[in-house]
Amino acid sequence: MHGWCGKILRVDLSSGNITSEPLDPQVAHDYIGARGFGIYYLRKEVDPTCDPFGPGNKIIMAAGPLTGTAAPTGARYVVTTKSPLTGAITCSNSGGNFPAELRKSGRDALIIEGVAAKPVYLWIDGGRAELRPADHLWGRTTHATDDALRSETREKAKTAVIGPAGEKRVLFAAIMNDRDRAAGRAGVGAVMGSKNLKAVVVHGEGEVSLADPSAFKAANAKYRDAFKAKTRDNPPPLRTHGTAITVVGTQSHGVFPTRNFQQGTFEGWESIYGETLTKKYLVRAKPCFSCPIACGRVTRIPDGPFQGEGEGPEYETVYSLGSDCGVDDLAALTKANYVCNELGIDTISMGSTVACAMELFEKGFLKESEVGMPVRWGDGQALVTLTRMTGMREGFGNILAEGSLRLATRYGRPELAMVAKGLDFAGYDPRGEQGMGLAYATSPIGGSHMRGDPAYFELLGVPVAADPHTWEDKPPLVAKWQDLFCVIDAAGLCVFFSVRYLVEQNLMVKPLGITELLNAATGAGYTPEEVERIGERIFNAERLFLLAAGFTGKDDALPPRITREPMPAGPAKGMVCRLEEMLLPYYALRGWSHEGVPSEAKLRQLGLL
Amino acid sequence: MRVHVHTFANIRDYAPAGKGLAELALAEGATVADLFAALRIPATVEAVTLVNGRRADAATRLNSGDEVTLFPPMEGG
């Protein structure tokens, strides 16, 4: 095989058996990789009704055929499992260097099953793989674990680890790779902790075999040259200021979630957005493997109560730990970000859960005596303290560790959890960004922006602009973008480069460049239409898992704050999200019933029957 | 008439008096295109343009006191 390594490593933690399996060429062709492989194996091997922490759940870590190649941003992998936070599928995506290293070791994917009797880590050194004891690492932070593992394996090895939060099954614990990159959403780290698997360490020196090296080289040069030409005089804002520059787009449209989505504009936005981060704390920009953009932030807070160094914050973190908690102290939210990275926590759900606690507290549903401290809007010290307590499940942190929906339900106000299917929203208020509301509601993992991010065209002018306030035109766009993101994720690419350079620059985003790179790498001979169909197949397969896990169309829902409480002020003043008007047209064009179930004809068309 | 102009990232290179937030005097009836000309923003520079938080284009007419926001297209989030 070319493009694909053709090998999958199966690790049975219960028996300790490790086996290498060939990748079925038909599966490779029909699902491309990464997110596609994740849902293929999850549906094939995991009972959708299983206990996410039970031995029946599996973790599929999979890279795409462009991961680890010279393709621009070919850095990504996807972790697929059944989420303990939501009970739905989750497929969490991360970059860095670990995914490329996995491919250099000669493997496309790992399937991790069973439960180890004692803490272990998986050490993959080229063609060899073994489970090693990890008792000495249990309890250590992600950074300390990475240090220790590279010291006892190889200095150049790449790691994906859990911190104390994953060990303690914080329901939104992350898997951190390369120290500060996160497969963050919906508790993949907690599932790893439930399996007593502390880390995966990998070293590889191979190269991905390409079907047509000269065509690949030419395509790669063409798209990199396009990037260089566009950014020669105007450096990409993501490199200069990181993703936190996105605050400009959300604040100016009035959709920057503030105080648990009570408002869409934040008076303290200038204190926490990307340009301020650059001026105050940026040490350097840091790229993932094979990335020309370099949006990663290495930062340092030189002094004061929040002194520290690490990576971040990203835009989503600036929203969740910042505006959503009313925190305008960039040092405090950056420190909370560092704590999340070291303990292994998803920053989005962490901030959203604290924001929910703050609203419960400010409205009198949650008492100071229960928390052990006041949790007022804007209290940066409380934010940092509660983040640490959550990661360690200490005191009230043990309740926060269950996430915002369980917290709000416990205090009798489930409607105050800003979630879809139990997963906290990203940093976009759907009242002033209608397509995002539909995307949150129909995302197979719940409230994620990365399942077809409409913010690109609704707010950020990429590839072209669409009106964020209209809803009638959004169902076909959201469906198209959801399918596109399946393709980007399956290929092993990053959306930041792909949506600008590897798709046709209009709202229909035909994946021309992605197809060209995939064909040069794999020799599959895909047409762009076939690649689009694969995206649709992946999205529908994820939907089938979701439905089989007990979800229905009724769960394609948003909290009443979003659909019934008009935005109080700002450019989106008076608006609510018109989800009801969008949902049935969306189902219809997806070939789904009024209940949101894919029709037999659609499944047959996609080869899913 | 006077409008408020917010510029961000590389668009700030064209900001009035080099300030990210500045006032700009324009003739009555001026449009977004007139504002771009006044700021000498070349046609090759891509900018997302909002007037009072709503998407605007070159032909959008400006009124005194309007808040104009200009930022480059970005792949953020």
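Values in this document were obtained by computation on a predicted structure and should not be read as measured data.

1. Remarks on the overall build of chain A
In terms of regular secondary structure, chain A is built from 27 helices and 17 strands. A principal-axis box enclosing the C-alpha atoms of chain A has dimensions of 60 × 55 × 50 Å. Of all 609 residues assigned to chain A, the portion counted as buried reaches 64%. Long-range pairs, those at least 24 residues apart, make up 71% of the contacts in chain A with a sequence separation of at least 6.

2. Concerning the overall build of chain B
A tally of helices and strands in chain B yields one helix and five strands. In chain B, the succession of helices and strands from N to C terminus is β-β-α-β-β-β. Here the C-alpha radius of gyration of chain B, 11 Å, is about what a compact globule of 77 residues would show, namely 11 Å. Once the C-alpha set of chain B is aligned to its principal axes, its extents read approximately 35 × 25 × 20 Å. Looking at chain B as a whole, 38% of its 77 residues qualify as buried. Within chain B, residue pairs in contact and separated by at least 24 positions form 55% of the contacts whose partners lie at least 6 positions apart.

3. Some thoughts on the interface of chain B and chain A
Between chain B and chain A, the contact holds 18 residues from the first and 30 residues from the second. Contributing elements (two or more residues each) for the side of chain B that touches chain A: β3 (48–51), β4 (54–55) and β5 (67–71) of chain B. By residue class, the composition of the side of chain B that touches chain A is nine nonpolar, six polar and three charged.

4. A word on the domain arrangement of chain A
Residues and elements named next belong to chain A. The assigned domain composition of chain A is domain 1 (7–203), domain 2 (238–423) and domain 3 (432–605). Those elements giving two or more residues to the side of domain 2 that touches domain 3 turn out to be α9 (247–253) and β16 (419–420). Considering every element that reaches the side of domain 2 that touches domain 3, the biggest residue donor is α9, with three residues. Tallied by class, the residues present in the side of domain 2 that touches domain 3 amount to 11 nonpolar, eight polar and two charged.

5. Overview of the sheet that holds strand β1 (residues 2–7) of chain B
Within a sheet, each strand pairs with its neighbour through backbone hydrogen bonds, oriented either parallel or antiparallel. Residues and elements named next belong to chain B. Pairing is mixed across the open sheet formed by five strands, whose spatial order is β2-β1-β5-β3-β4. The open sheet has two free edges, formed respectively by β2 (21–25) and β4, since each of these has just one partner strand. Relative to β2, β1 runs antiparallel, the two being bridged by five bridges. Opposite V3, over in β2, you have L24 as the bridge partner.

6. Some points on the confidence of the model for chain B
Of the residues in chain B, 100% have a pLDDT of 70 or more, and the chain-wide mean is 93. Interface confidence in the predicted complex, given as ipTM, is 0.95; pTM for the same model is 0.98.

7. Examining helix α1 (residues 32–39) of chain B
All names here are of chain B. Looking only at α1, the buried set comprises V32, L35 and L39. On an axial view of α1, the arc spanned by its buried residues comes to 55°, and they lie on one face. Set apart from the buried face of α1 by more than 90 degrees, the exposed residues are A33 and A37. Looking one or two residues beyond α1, the residue adopting positive phi is R40, at roughly 60°.

8. Some words on the nonpolar core
Residue and element names in this part refer to chain A. In terms of nonpolar packing, the biggest core is built from 225 residues, with Y121, V201, A357, L383 and I514 touching the most fellow members. Broken down by element, the residue count for this core peaks at 11 residues, all from helix α21 (residues 474–491). Residues in contact with V201, not counting those within four places in the same chain, are Y121, L122, W123, I124, L149, T153, A157 and T159.

9. Thoughts on the sheet that holds strand β11 (residues 181–183) of chain A
All names here are of chain A. Strand order in this open sheet of six strands is β8-β7-β12-β9-β10-β11, and the pairing throughout is mixed. Single-partner strands in this sheet number two, and they are β8 (128–133) and β11. Here the average twist between neighbouring strands, direction ignored, is 20°. The pairing of strand β7 (residues 120–125) with strand β12 (residues 197–203) spans six bridges and is parallel. Bridged to D125 within β12 is H203.

10. Considerations on the environment of H253 of chain A
Among the secondary structure elements, H253 of chain A is positioned in helix α9. Once the C-alpha coordinates of H253 of chain A and V339 of chain A are considered, the two residues, 86 residues apart in sequence, prove to be 31 Å apart. When sequence neighbours within four positions are dropped, the list of residues in contact with H253 of chain A reads G432, E433, L459, P468, P571 and A572 of chain A together with G53 of chain B.

11. Brief notes about helix α19 (residues 434–442) of chain A
The buried fraction of α19 of chain A amounts to nine of the nine residues, a majority that puts the element mostly inside the structure. Listing the buried residues of α19 of chain A in full gives Q434, G435, M436, G437, L438, A439, Y440, A441 and T442 of chain A.

12. Things to note about the confidence of the model for chain A
On average, residues of chain A score 98 in pLDDT, and 100% of them reach the 70 mark or higher. Confidence scores differ between elements of chain A, with helix α8 (residues 237–241) of chain A showing the lowest mean pLDDT of 95 and β12 of chain A the highest of 99.

13. Side note on the pairing of strand β1 (residues 7–12) of chain A
All names here are of chain A. Looking at chain direction, β1 and strand β2 (residues 18–22) are connected through five bridges and run antiparallel. By the bridge assignment for β2, L9 is matched with S20. Hairpin remark: β1 followed by β2, antiparallel, with five residues in the connecting loop; positive phi at G16, about 85°. Taken together, the five bridges between β1 and strand β6 (residues 109–113) define a ladder with parallel strand orientation. In the sheet register, V11 faces β6, and the bridge partner there is I112.

14. With respect to the packing of helix α7 (residues 213–231) of chain A against helix α23 (residues 512–522) of chain A
Residues and elements named next belong to chain A. Running from N to C, α7 and α23 cross one another at 155°; their axes reach a closest spacing of 8 Å. On the basis of their axis angle, the class for α7 and α23 is roughly antiparallel. Relative to α23, the crossing made by α7 is left-handed. Contacts from A215, F216, A219 and Y223 in α7 reach G513, E516, L517, A520 and A521 in α23. When the residues that make up the contact of α7 with α23 are grouped by side-chain class, the tally is seven nonpolar, one polar and one charged.

15. A look at the pairing of β1 of chain B
Both β1 of chain B and β5 of chain B contribute to a ladder of four bridges, which runs parallel. When the bridges of β5 of chain B are listed, H6 of chain B appears paired with T69 of chain B.

16. Topic: unusual backbone geometry
All names here are of chain A. That bond from G312 to P313 is cis: its omega, 5°, falls within 30 degrees of zero. Following the sequence through the fold, P313 ends up in the loop between β15 (308–311) and α12 (315–322). Here the bond from V462 into P463 is cis, since omega is -10°, no more than 30 degrees from zero. Position of P463 relative to the elements: it lies in the loop between α20 (455–458) and α21. Located in the positive-phi region is F261, a residue other than glycine, with phi close to 65°. Among the structural elements, F261 can be located in the loop between α9 and α10 (269–272). Overall, the presence of 24 C-beta atoms within 10 Å leaves F261 in the buried class. With a phi angle near 70°, A294 is a residue other than glycine that sits in the positive phi range.

Calculation notes
Residues numbered from 1 in each chain as written. Chains lettered and ligands numbered in written order. Predicted model: local features only at pLDDT ≥ 70, side-chain atom pairs only at ≥ 80, totals over all residues. Helix = DSSP H or I, 4+ residues; strand = E, 2+ residues; numbered from the N terminus. Buried ≥ 20, exposed ≤ 12 C-beta atoms within 10 Å, placed from the backbone. Contact = placed C-beta atoms within 7 Å. Rg over C-alpha atoms; globule rule 2.2 N^0.38 Å. Nonpolar A, V, L, I, M, F, W, Y, C, P; charged D, E, K, R; others polar. Domains from an automatic or database assignment. Pairing = 2+ DSSP bridges. pLDDT = per-residue confidence, 0-100. Arc of directions from axis to C-beta. Core = buried A, V, L, I, M, F, W, Y, C linked by C-beta atoms within 7 Å. Axes fitted to C-alpha atoms, helices over the stretch in contact; angles between N-to-C directions. Parallel < 35°, antiparallel > 145°, perpendicular 65-115°, else oblique. Left-handed = near helix turned anticlockwise from the far one by under 90°.

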